[in-house]
Amino acid sequence: MKKSSSALQGKKVISGIYVFVLVYTVLQLVWWGVLLHQQSKQIAHYEQMELTHRMHQLSEPSEFMQQMQRLHHEERMRTLKYIGEGTIFLIIILAGASLVYRAVWKQMRLQQQQQNFMMAVTHELKSPIAIAKLNLETLLKHRLDEEKQRRLLDATIRETNRLDQLCNNILLASQFEHEKSQPFLEPLDFSQVLTQALNELRDRIHSHDIVSDIEPGIGLEADKFMITLMLNNLVENAVKYAPKGTEIVVSLHMEQNDLLMRVSDQGEGIPQEEKGKIFMKFYRIGNENTRKSKGSGLGLYLTRKIVEQHGGTIAVNDNLPKGTCFEIRWQDYSPQTV
């Protein structure tokens, strides 16, 4: 909470300084305009006095009127000139201030997200390491029967799998960031790959009922590792936010000319204003001090990247009557032999 409050206080200070500088600059511009206006009036008054003193030198009264009109015209032109220049300067100042404001706040948001990411990753790393260490120490120090040993080993393997997936997410995110990640595309039995991945998830996840509704025999040219990681991220995201004991349904079907894959849960759902943000890197709903679910903020970002690399699109919808549904669509899908 101290870090969060200090960050908020820092943002307020920066905002206050920014507003002060902007208001000061605009007021200086207005004062410059006032001074120019007064100077223009003084010049016009002086020229009119000079013209009045020279009235006797003018041959006709009409010439005097022409000279007065000329002076008024010059005064108007000076006025239009400094008003035009001032307006242009004001537009430039406001446009520049807007760009600077957006850039600064974008950088501050990114810094905050990265800080949240580091806090989350630290927790994600320490928890499975601590559990695995405790299980192994228990096996070393105590003579347990075969069933208890198997349970402890299974729990240790689950925690190491969590570590493995977290490391894969971090490495792949770094590769996407530097545009070095290219999928190894090969003809796959997409239905079989998903089925195998779901069976492995069922062995690791016992808090939810993972239901599959997969049409058999669907082929796809894809990277098996990335497709498996994509499914794992979507299912584990559902596990984090859906109540224990509820169903997580993974489906794969043809709908007209499109191939659709859906992962739906029975959680609280995602607010409408958050749906456009959840695929951003490091983004997580809430903050590290208030949210209860685990995570690094990379899973959905990587999922979107993987889907795009495989020629699909991903969207998040409400799962009626309750929950969230992630829908991946391959438009104009051509059936492939596997």
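Overview of the structure. (Residues numbered from 1 in each chain as written. Predicted model: local features only at pLDDT ≥ 70, side-chain atom pairs only at ≥ 80, totals over all residues. Heavy atoms only, no water.)

**Regarding helix 4 (residues 190-204)**
Taking 1.5 Å as the rise per residue, helix 4 with 15 residues should run 21 Å; its terminal C-alpha atoms sit 21 Å apart, in good agreement. Among the residues making up helix 4, those that are buried are F190, S191, V193, L194, A197, L198, L201 and R204. Viewed along the axis of helix 4, the buried residues span an arc of 160°, placing them on a single side of the element. In helix 4, the exposed positions that point more than 90 degrees away from the buried face belong to E200 and D203. (Helix = DSSP H or I, 4+ residues; strand = E, 2+ residues; numbered from the N terminus. Expected span 1.5 Å × (residues − 1). Buried < 20%, exposed > 50% of the residue type's maximum accessible area, 1.4 Å probe, protein only. Arc of directions from axis to C-beta.)

**Quick look at helix 5 (residues 224-241)**
Spanning 18 residues, helix 5 covers 26 Å between terminal C-alpha atoms, matching the ideal 26 Å at 1.5 Å per step. Counting buried positions along helix 5 gives 14 out of 18 residues, so the element sits mostly inside the fold. Capping the start of helix 5, D223 holds a side-chain oxygen 3.0 Å from the backbone nitrogen of F225, two or three residues further along. (Polar contact = N/O pair within 3.5 Å; in protein donor to acceptor, adjacent residues only side chain to side chain.)

**Details of the packing of aromatic side chains**
Counted under the stated rule, the structure contains four aromatic pairs. For the ring pair F20 and Y24, a centre distance of 6.3 Å and an interplane angle of 20° mean the geometry is stacked. Of this pair, F20 and Y24 are both found in helix 1 (residues 2-53), four residues apart, which corresponds to roughly one turn of the helix. Given the relative accessible area of 48%, Y24 is considered partly exposed. Between the aromatic rings of F190 and W330, the centroid separation amounts to 5.6 Å while the plane-to-plane angle is 85°, which identifies the pairing as edge-to-face. Of this pair, F190 sits in helix 4 while W330 sits in strand 7 (residues 324-330), and the two are 140 residues apart along the sequence. The same class applies to F190 and to W330, which are both buried. (Phe/Tyr/Trp six-rings, centres within 6.5 Å; stacked < 30°, edge-to-face > 60°.)

**Re the sheet that holds strand 5 (residues 258-264)**
Taken in spatial order, the five strands line up as 2-4-5-7-6 in an open sheet, and their pairing is mixed. Each edge of the open sheet carries a strand with a single partner, namely strand 2 (209-214) and strand 6 (313-318). Here the average twist between neighbouring strands, direction ignored, is 15°. The pairing of strand 6 with strand 7 spans six bridges and is antiparallel. (Pairing = 2+ DSSP bridges. Axes fitted to C-alpha atoms, helices over the stretch in contact; angles between N-to-C directions.)

**Some points on the pattern of salt bridges**
For the coordinates displayed, the defined rule picks out 11 salt bridges. Here R304 ties to E308 by a salt bridge, and the two come within 3.3 Å at their closest N and O atoms. Of the two residues, R304 and E308 are both situated in helix 6 (residues 299-309); the distance of four residues between them amounts to about one turn of the helix. On the basis of relative accessible area, R304 is assigned to the partly exposed category, the value being 23%. For E308, a relative accessible area of 43% translates into the label partly exposed. R329 is paired through a salt bridge with E327; the nearest N and O atoms lie 3.2 Å apart. Three or more residues joined by partner-sharing salt bridges are found here, namely E255, D258, R262, E327 and R329. (Salt bridge = Lys/Arg side-chain N within 4 Å of Asp/Glu carboxyl O.)

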